[in-house]
Amino acid sequence: MGRAQTFETDEVVRAALGVFWRSGYEATSVPTLEQATGLNRSSLYHAFGSKRGVFDAAVQAYLDDVVRPRLRPLVADPVGPDAVVDYVVGLRSALLRADSIQADSGCLLVNTSGSPISRDETVRRTVAAYRAELRSALGRGVDARFTDRGAVERERVADLCTALVVSAFATVRVDPAGAVSALDGALGLLEAEPT
């Protein structure tokens, strides 16, 4: 008979998430996960199957606890006309806060897209689905903001805002001012008069 689990899975996943978010999959060792979670290798492997299982659980927690709450106003029914601006302003604030993990590590999934694990088909699909979810949410926000603009113009603004958000996530570690500037560019698009 196996021993009963004596730890809270959600707490372990959150601790592992912070490690993967800051260091990436490849640079995260099992001893580092042991230290961060307080569990030994056998407990981690028993609960998650492998280091990859811990990573997959961390990615799901990232989507559920970080990404989707921030996107929630953009997928509500109805979407408020200021929801997309509020999203970008909130993200900008997070990137400016020195104590924010977003400020020192950007986006877990954008970071993952540039690492070797992105060659894994499941990871590739997860990252692509995240980007599509982000684009869809921003598109809904742009549609709610610019009801007086044509579909082509709204699509263009949503595509550009998505690219600027992804750019900010990708560059914040090395160029925080540039990342904030990218988000300022998105705000400029969202406050501009129609072309």
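Residues numbered from 1 in each chain as written. Predicted model: local features only at pLDDT ≥ 70, side-chain atom pairs only at ≥ 80, totals over all residues. Heavy atoms only, no water.

**Topic: the overall build of the chain**
- Helix and strand counts for the chain stand at 10 helices and zero strands.
- Dimensions of the chain along its principal axes, counting C-alpha atoms only, are 65 × 35 × 30 Å.
- Buried positions account for 44% of the 195 residues belonging to the chain.
- Contacts spanning at least 24 positions in sequence make up 67% of the contacts within the chain whose residues lie at least 6 apart.
- Working note: accessible area of the chain is about 10000 Å², and carbon and sulfur atoms make up 52% of it.
- Mean positive and mean negative side-chain charge positions of the chain (22 and 25 charges, respectively) differ by 4 Å. (Helix = DSSP H or I, 4+ residues; strand = E, 2+ residues; numbered from the N terminus. Buried < 20%, exposed > 50% of the residue type's maximum accessible area, 1.4 Å probe, protein only. Contact = heavy atoms within 4.5 Å. Areas by Shrake-Rupley, 256 points an atom, 1.4 Å probe, with all protein chains shown as cover. Lys, Arg positive; Asp, Glu negative; His and termini not counted. Charge placed at Lys NZ, Arg CZ, Asp CG, Glu CD.)

**Considerations on the packing of aromatic side chains**
- According to the stated counting rule, one finds four aromatic pairs in the structure shown.
- Aromatic side chains F20 and Y25 sit 6.1 Å apart centroid to centroid with 15 degrees between the ring planes, which places their arrangement in the stacked category.
- Owing to a relative accessible area of 1%, F20 belongs among the buried residues under this scheme.
- With relative accessibility at 18%, the residue Y25 sits in the buried group.
- Each residue in the set F20, Y25 and F55 is aromatic and connected to the rest through ring pairs, giving one cluster.
- Above the plane of the ring of Y25 lies K51, whose end atom (NZ or CZ) is 4.3 Å from the centre.
- When the ring centre of F146 is taken as reference, the NZ or CZ atom of R149 above it lies at 3.6 Å. (Phe/Tyr/Trp six-rings, centres within 6.5 Å; stacked < 30°, edge-to-face > 60°. Lys NZ or Arg CZ within 6 Å of the ring centre and 35° of its normal.)

**Quick word on the side chain of T37**
- Here T37 lies in helix α2 (residues 30-37).
- Residue T37 is classed as buried on the basis of its relative accessible area, which comes to 15%.
- Among the polar contacts made by the side chain of T37, one reaches the main-chain carbonyl oxygen of L33 at a distance of 2.7 Å.
- From its side chain, T37 meets the backbone nitrogen of L39 in a polar contact 3.2 Å long.
- If near-sequence neighbours (up to four positions away) are discounted, T37 is found in contact with V12, A15, A16 and L44. (Polar contact = N/O pair within 3.5 Å; in protein donor to acceptor, adjacent residues only side chain to side chain.)

**Digging into a negative patch on the surface**
- A cluster of acidic side chains, namely E8, D10, E11 and D65, defines a negative patch on the protein surface.
- For D65, the position within the fold is in helix α4 (residues 51-75). (Patch = residues over 30% accessible without salt bridge, like charges linked within 9 Å, V, L, I, M, F, W, Y side chains within 5 Å. Salt bridge = Lys/Arg side-chain N within 4 Å of Asp/Glu carboxyl O.)

**Concerning the environment of E26**
- With respect to the helices and strands, E26 occurs in the loop between α1 (9-23) and α2.
- Leaving out residues up to four positions away in the same chain, E26 has contacts with K51, S115, P116 and I117.

**Looking at the pattern of salt bridges**
- Per the counting criterion, the structure on display carries 14 salt bridges.
- In this structure, the salt-bridge partner of R52 is D56, at a minimum N-O distance of 2.8 Å. Here R52 pairs with D56, and both are found in helix α4, just four residues apart, close to one helical turn.
- Ionic pairing is found between E155 and R135, a salt bridge with its closest N-O pair at 2.7 Å. Of the two residues, E155 sits in helix α9 (residues 151-171) while R135 sits in helix α8 (residues 121-145), which places them 20 residues apart along the sequence.
- Connected through shared salt-bridge partners, R52, D56 and D120 make up one network.

**Digging into the packing of α4 against α8**
- At a minimum axis distance of 10 Å, the contact between α4 and α8 shows a crossing angle of 5 degrees. Looking at the two axes, α4 sits roughly parallel to α8. Residues R52, F55, V59, L63, V67, R68, L71, L74 and V75 of α4 pack against T122, V123, T126, Y130, E133, L134, A137, L138, R140 and G141 of α8. (Axes fitted to C-alpha atoms, helices over the stretch in contact; angles between N-to-C directions. Parallel < 35°, antiparallel > 145°, perpendicular 65-115°, else oblique.)

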